[in-house]
Structures are given as C-alpha cells and as structure tokens.
Amino acid sequence: MRDRITGAKALMRALQAEGVKTIFGYPGGSIMPTYDALFDYTRGEKKCFDHILVRHEQGATHAAEGYARVSGEVGVALVTSGPGVTNTLTGIADAMMDSTPMVVIAGQVPITALGTDAFQEVDLVGVSQPISKWSYQIRHAADVAWAVSRAFYIARTGRPGPVVLDFTKNAQVEEIDWEPKKVDFVRSYVPYPKLDHEAVRQAAELINNAKKPLALVGQGVELGNAQEELKMFLEKADIPAGRTMLGLSALPSTHPLNVGMLGMHGNYAVNLKEQECDVLIAIGMRFSDRVTGNLKTYAKQAKIIHLDIDRSEIDKNVKTHVAVVADCKESLPALTALVNKNNHQQWLESFYELDAKERTKVIEPAIHPTEGPLLMGEVVNAVAQQAPDGTVLVTDVGQNQLFATRYFKYTQQRSICTSGGLGTMGYGMPAAIGATFATDRTVCCFMGDGGFQMNIQELGTIMEQQAPVKMILLNNHYLGNVRQWQDMFWMRRKSFTKMMNPCYEPIAQGYGIPYVAVTDRKDLAAAVEKMLATKGPFLMECAIKEDDDVLPMTPPGMDVDKMLLEI
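Residues numbered from 1 in each chain as written. Predicted model: local features only at pLDDT ≥ 70, side-chain atom pairs only at ≥ 80, totals over all residues. Heavy atoms only, no water.

Trainee: Would you mind showing me how to read the overall build of the protein here?
Mentor: Each helix and strand in the protein was counted, giving 23 helices and 20 strands. Computed over C-alpha atoms, the radius of gyration of the protein comes to 24 Å, within 12% of the 24 Å expected from 2.2 N^0.38 for 567 residues, which places it in the range of a compact globule. Overall, the C-alpha framework of the protein stretches about 75 × 60 × 45 Å when taken along its three principal axes. Taken across its 567 residues, the protein has 59% of its residues classed as buried. Long-range contacts, defined here as pairs at least 24 residues apart, represent 76% of the contacts in the protein between residues at least 6 apart. Summing over all exposed atoms, the protein offers an accessible surface of approximately 22,900 Å²; the carbon and sulfur share of this is 52%. One finds the centroid of the 56 positive side-chain charges in the protein at a distance of 2 Å from the centroid of its 65 negative side-chain charges. (Helix = DSSP H or I, 4+ residues; strand = E, 2+ residues; numbered from the N terminus. Rg over C-alpha atoms; globule rule 2.2 N^0.38 Å. Buried < 20%, exposed > 50% of the residue type's maximum accessible area, 1.4 Å probe, protein only. Contact = heavy atoms within 4.5 Å. Areas by Shrake-Rupley, 256 points an atom, 1.4 Å probe, with all protein chains shown as cover. Lys, Arg positive; Asp, Glu negative; His and termini not counted. Charge placed at Lys NZ, Arg CZ, Asp CG, Glu CD.)

Quick look at the structure:
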C-alpha cells in the first residue's frame, strides 16, 4: 500500500528525520498548509515538535540562533511569504556572519503565480542568496525530502551557517508517495578539508622555536566541539590564549593560560602583546577588524599560523606564514602531538603588569564604585558573582554587550550568545528565549534600553512560554555606544541618541513578568538574588549612569596597541 501524503506532511517527516525538536515560527497565508500539517505533530500521540509562536519573524530567527548556539543543533524558523520572510533577513545575515547553523523555511505563492507580483510574493532566493550558505525554492512536493536533507547537511557541516528554503504553496498541497532521502554529499562542496600534515609539521616547528607565542581563540573551537583539544594543546606548549568575543566560553575564565578578551574593547594586556609576540596562532577566528585594528601595523613582528576550516578565511585579512585548513577537532590534536612540552612562564608573567594596570585604572572603578549612579560593569559583576556555574550569557548589542562580555564569568562551553559580526540590536531577548529551549542552565540576558525596545514584543513569547529568561535591563536613556562615539569623535554632538523611555514596570506587569527596579547600589545584590531565585522569567531594570563609557578602547582604525585606558 502506498504512503501518499501532501508536501506539507512530507516536510514534517523530513524535519523529524533530521532530529528537529523545536520550531520557532509565525503563520500566514502562504505557509498555512504547512501549519495545518504541523498541528498534528505538536500534540497527541504524533507529537514530536514544540512550536514556539514568536511575536515577530525576526524574533523567530534570533530565537533559532540562540537555540543553535547553545545546543549545537540546527535552529529552525518557519514563516510565511512576503513581509513574513523579509522580516527574517536580518537574522539570516546575522547567522551567516556568526556561522550559526539555521534553516529558515518560508511559504511562497504557487509556481503559477511566480513573477506576477502576486499578493505577498517576493523573490526570496534572489534576496537571500548573498547572506545565506544555500538558498533553494521547493517547487514540487517530490523535492521536499531531498531539499530538507540537503539543507540540514549544508547548514550543520563544515563552517556552519543559515540555509533558506522557499516552499511554494502548490508544493505544500500536492500529494506524493513518501520516500525518505538522505543527503550526505554535495558535489563541489567539501565541508571538511583533508588535513595537510606537512602544514601541521611546519606550524609545530614555528611553535617549538617560539619564545613569545600567543594563541587567538575564536568561535571555531566551540563550533568544532574542540574545547578539550584546545586545552591539551595550550597546556602542553604552555601558550597564553586570548579569546574573541564569540569564543569567550571556549576556554574557562579561570584557566591559568587565559589572558583575556581580544578586540576593540578587550583586555589591555592581550591586545598589546599581539604586537610583541613572535608566533601568533589563530584558531577558528577570522581576524575581524574589531580584533586587528589597523591591518597595516598588525602583528608585523610575528609569524602567523592560522587554523581554520574555511579556506576563504586564509590570507583574507592577515597574511599567513603557515595555514592549517581543517576542522580544529582534527588539526589541534595533530599539532599537539608534534609540539614540545614547554614552559613560557616568563612570557606569561609579562602580561601580569599590564593586567594590573587595567585592573587599577579600569576594572576596579567599573565593578566596585563607591559613589554616584550605578555602573554597567558593577551590575554585570553582581550578576556574575551570584549566577550558578554554567550560566549562559546572552547580550543585546551596544555598551551592554561590551560590559557583559568583559565582566561575566565562563565556566562551561557554549555559554555565550551575542551578535558579533552583524551587531544586531534586538538580538538579545529572542536569542535568550531560544537558549532556554536548548538547555536547563540559567540564562541571563543583558540589554540596553535601545535594544530591549527593538524586539520588546517578544515579552509576549516569554509570557506564553514562561521561558525562564533572566532579563537585566541596563537603562541609561541613551543609545549608549553611539553616544560614547559621539562624545569621543564627534565633538560631543549627541545627535538623536537621547531616548525617552516608557515606564517598564507596568509593561512587565501587563505580561505577568516579575519585575524589580534598582536605583541604588545597596539594593543591587538583593535584587540579583531575588531574580535568580524566582522561577520562570524576571525583569530587573537598573538605572545606569548616563555617560558610563566602555574602556579600554582601541579607536577605530588605530593600531591595536594604542588602546586607551581613559578618555
């Protein structure tokens, strides 16, 4: 007897075959047949998916990103055509920049209406191709199983990224004989390059002869699940390691070889030492301009070793002396086997004097002020001190992101969700929602008043799902990061960065979310304790000093060792 089903039901079976458990979405006309099929798969004996109804399609993609970043699985978003899917483009671009595995499935008008400017028709493949890893239009139900399997294979393998499936309405309602497909090969796509052992040997030789080696650890270590391999390499060769913002939880904060965060607002010592090291080992990172500063002067004294799975990153920004193109899960152990057991204690100790200078001039005043309004750093530190081990940090974008990533503590892998490459305001709250569906760990989300309001409607999703997001609103009534740049580089002309904000207490009350306001530092510790002890979601609003600045800072385009400790 034939197993004859619609294309929409074929999609359900294909998603089930890929191990999907959670879908973030928003229904509409062109995806309605699929939502009708989904009905049976989210309840009763057939239940295999949780569908999370977001309040905006951008929220669906960021939630899928948060889910993916914490779980290591592919995030899934399901939306309708036209404005439904164009609302996802920011999330797709964000996932592409930050190598986040995600599949976005969107409804589309029937193929008979394509090209006619039909209601809510948009050329999704055309607009999404430049910002996705693969984009494909499913025109017939017979293609569903193949397209879904291929989409997930591409999204999760190699350097992960977002894939977009444009699902025409006729393909959703057509009937086919169900036949599962499994794609594990795509011609011309090589997700895992073959390890070049000669390159590994050359890299090991440079490391063995180094007097001042320095490792730069990126998110590629997390994506490759190579945290233990990283520690074995660093510990054997005794190499200090800086971490990119997205790679912060690849190495525990307390590890003795951790020398801080790289980048424009990273730690003082590691940024200066990039200009002093003799061998620089970049592991799963892309030499972003926010890390390198002025490329003309960046690490010119060092031999550069670059370990990355994506060949296109090699020599893109920084000229490499030895490139090891492979999954770091494979390349790190191969390199560890060839490096000598070493001791670079004197080199490591040279970081300490610079660390002490930063602590005295920047860190202590930021986290332990004695007077004046609350500061962002002290709020982050207060939460970090009480948060349980393994807490997931989620941030929005802006000063809240920079203070949070600097002063939070990381004890477990996959513990940070933040928008790195695209810098998407409004990312935080929906990403935190997604993170809560990926883990039972505590999820703390830091947001500024600007980013919080960009996707404030997702409080409705939190209310409906009782998603246990601990929201920390750092409210300074400014678009703080832009205001800081205006003060520093635009003669203090604060052009449209001052914000008139609503009263957030009745908003939280309207959504049934517990709330507390902190205006005095003597109340901060108790408020944090209450937030963390409360079951379910919680909003803690902190009244922050208006002109609180993030330091240290390397001004844009400046040499990386020209960091400012004060303004």
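Trainee: What should I look at first to understand the side chain of Thr168 in this one?
Mentor: Its location among the elements puts Thr168 in strand E7 (residues 162-168). Accessibility expressed as a relative area gives 0% for Thr168, which makes it buried. Of note is the side chain of Thr168, whose polar atom sits 2.9 Å from the backbone oxygen of Ile138. A distance of 3.0 Å separates the side chain of Thr168 from the side chain of Asn170, its partner in a polar contact. (Polar contact = N/O pair within 3.5 Å; in protein donor to acceptor, adjacent residues only side chain to side chain.)

Trainee: I keep staring at empty space enclosed by the protein and nothing clicks. Help me out?
Mentor: To find leftover empty space, a probe the size of one water molecule is rolled over the atoms. Applying the stated criterion across every chain, the model contains two cavities of 30 Å³ or more. Taken as a whole, the largest cavity spans an internal volume of roughly 60 Å³. Taken together, Arg69, Gln219, Glu222, Leu223, Leu246, Arg414 and Ile416 make up the full set of residues lining the largest cavity. Of the residues contributing to the lining of the largest cavity, the split by class is three nonpolar, one polar and three charged. For the second largest cavity, the full set of lining residues is Ala68, Arg69, Ser99, Thr100, Pro101, Gln219, Leu223 and Arg414. Classifying every residue of the lining of the second largest cavity by side-chain character gives three nonpolar, three polar and two charged. (1 Å grid on protein atoms, 1.4 Å probe; cavity = no way out; pocket = protein on both sides within 12 Å on 5 of 7 lines; lining within 4 Å. Points joined across faces, edges and corners; volume = space filled by probe spheres on them. Nonpolar A, V, L, I, M, F, W, Y, C, P; charged D, E, K, R; others polar.)

Trainee: Help me understand the layout of surface pockets in this model?
Mentor: A volume near 640 Å³ is recorded for the second largest pocket. In this structure, the second largest pocket is lined by 28 residues; those nearest its centre are Asn258, Asn267, Arg359, Ile363 and Arg406. Secondary-structure elements contributing two or more residues to the lining of the second largest pocket are strand E11 (258-261), helix H15 (345-367), helix H16 (376-386) and helix H17 (399-407). Of all the elements, H15 adds the most residues to the lining of the second largest pocket, at eight residues. Residue classes in the lining of the second largest pocket are distributed as twelve nonpolar, ten polar and six charged.

Trainee: Please clarify how the sheet that holds strand E19 (residues 515-518) should be interpreted in this entry.
Mentor: Hydrogen bonds between backbone atoms are what pair the strands of a sheet, whose relative direction is either parallel or antiparallel. Overall, parallel pairing links the six strands, which are arranged E16-E15-E17-E18-E20-E19 in an open sheet. Unpaired on one side and paired on the other, strand E16 (416-417) and E19 mark the two borders of the sheet. The pairing of strand E15 (residues 392-395) with E16 spans two bridges and is parallel. By the bridge assignment, Leu393 is partnered in E16 with Ile416. Seen against the sheet, H17 touches E15, E16, strand E17 (443-448) and strand E18 (469-475) and runs at an angle of roughly 160 degrees to E15. Sheet strands touched by helix H23 (residues 524-533): E17, E18, E19 and strand E20 (538-543). Its angle to E20, the strand with the most contacts, is close to 165 degrees. (Pairing = 2+ DSSP bridges. Axes fitted to C-alpha atoms, helices over the stretch in contact; angles between N-to-C directions.)

Trainee: I keep staring at H23 and nothing clicks. Help me out?
Mentor: Since one α-helical turn is 3.6 residues long, residues separated by three or four positions face the same way. Considered for burial, the residues of H23 that qualify are Leu524, Ala527, Val528 and Met531. Within H23, the buried residues cover an arc of 100 degrees as seen down the axis, which keeps them to one side. Along H23, exposed side chains directed more than 90 degrees from the buried face belong to Glu529 and Ala533. (Arc of directions from axis to C-beta.)

Trainee: Can you help me understand the pattern of salt bridges in this one?
Mentor: Pairs can form between side chains of opposite charge once their charged atoms are near each other. According to the stated counting rule, one finds 31 salt bridges in the structure shown. The closest approach of N and O atoms between Lys319 and Asp315, which form a salt bridge, is 3.8 Å. Between Arg359 and Glu364 there is a salt bridge whose closest N-O contact spans 2.6 Å. The partly exposed category is assigned to Arg359, whose relative accessible area is 39%. Since its relative accessible area comes to 28%, Glu364 is described here as partly exposed. Because the salt bridges share partners, they merge into one network encompassing Arg483, Asp487, Arg492, Lys494 and Asp549. (Salt bridge = Lys/Arg side-chain N within 4 Å of Asp/Glu carboxyl O.)

Trainee: Hey, could you run me through the sheet that holds strand E9 (residues 213-217) in this one?
Mentor: Spatial ordering of the open sheet is given by E11-E10-E9-E12-E13-E14, a layout of six strands whose pairing is parallel. Single-partner strands in this sheet number two, and they are E11 and strand E14 (322-325). The mean inter-strand angle of the sheet, taken between neighbouring strand axes irrespective of direction, is 15 degrees. The pairing of E9 with strand E10 (residues 241-243) spans three bridges and is parallel. Opposite Ala215, over in E10, you have Ala241 as the bridge partner.

Trainee: Looking at this model, I keep getting lost on the environment of Glu566. Mind explaining?
Mentor: In this fold, Glu566 is placed in the segment after E20. Each C-alpha atom, one on Glu566 and one on Arg201, is 43 Å from the other, the two residues being 365 residues apart in sequence. For Glu566, the residues in contact, after removing those within four places along its chain, are Lys361 and Leu551.

Trainee: How do you make sense of helix H9 (residues 197-208) when you look at a structure like this?
Mentor: Over its twelve residues, H9 extends 16 Å from the first C-alpha to the last, a length consistent with the 16 Å expected when each residue adds 1.5 Å. Among the residues of H9, those classed as buried are Ala199, Val200, Ala203, Ala204 and Ile207. Projected onto a plane normal to the axis of H9, the buried residues spread over an arc of 140 degrees and lie on a single side. The elements touched by buried residues of H9 are helix H11 (227-237), strand E12 (279-283), strand E13 (303-308), E14 and helix H14 (328-338). With a side-chain oxygen positioned 3.0 Å from the backbone nitrogen of Glu198, the residue opening H9 is Asp196. (Expected span 1.5 Å × (residues − 1).)

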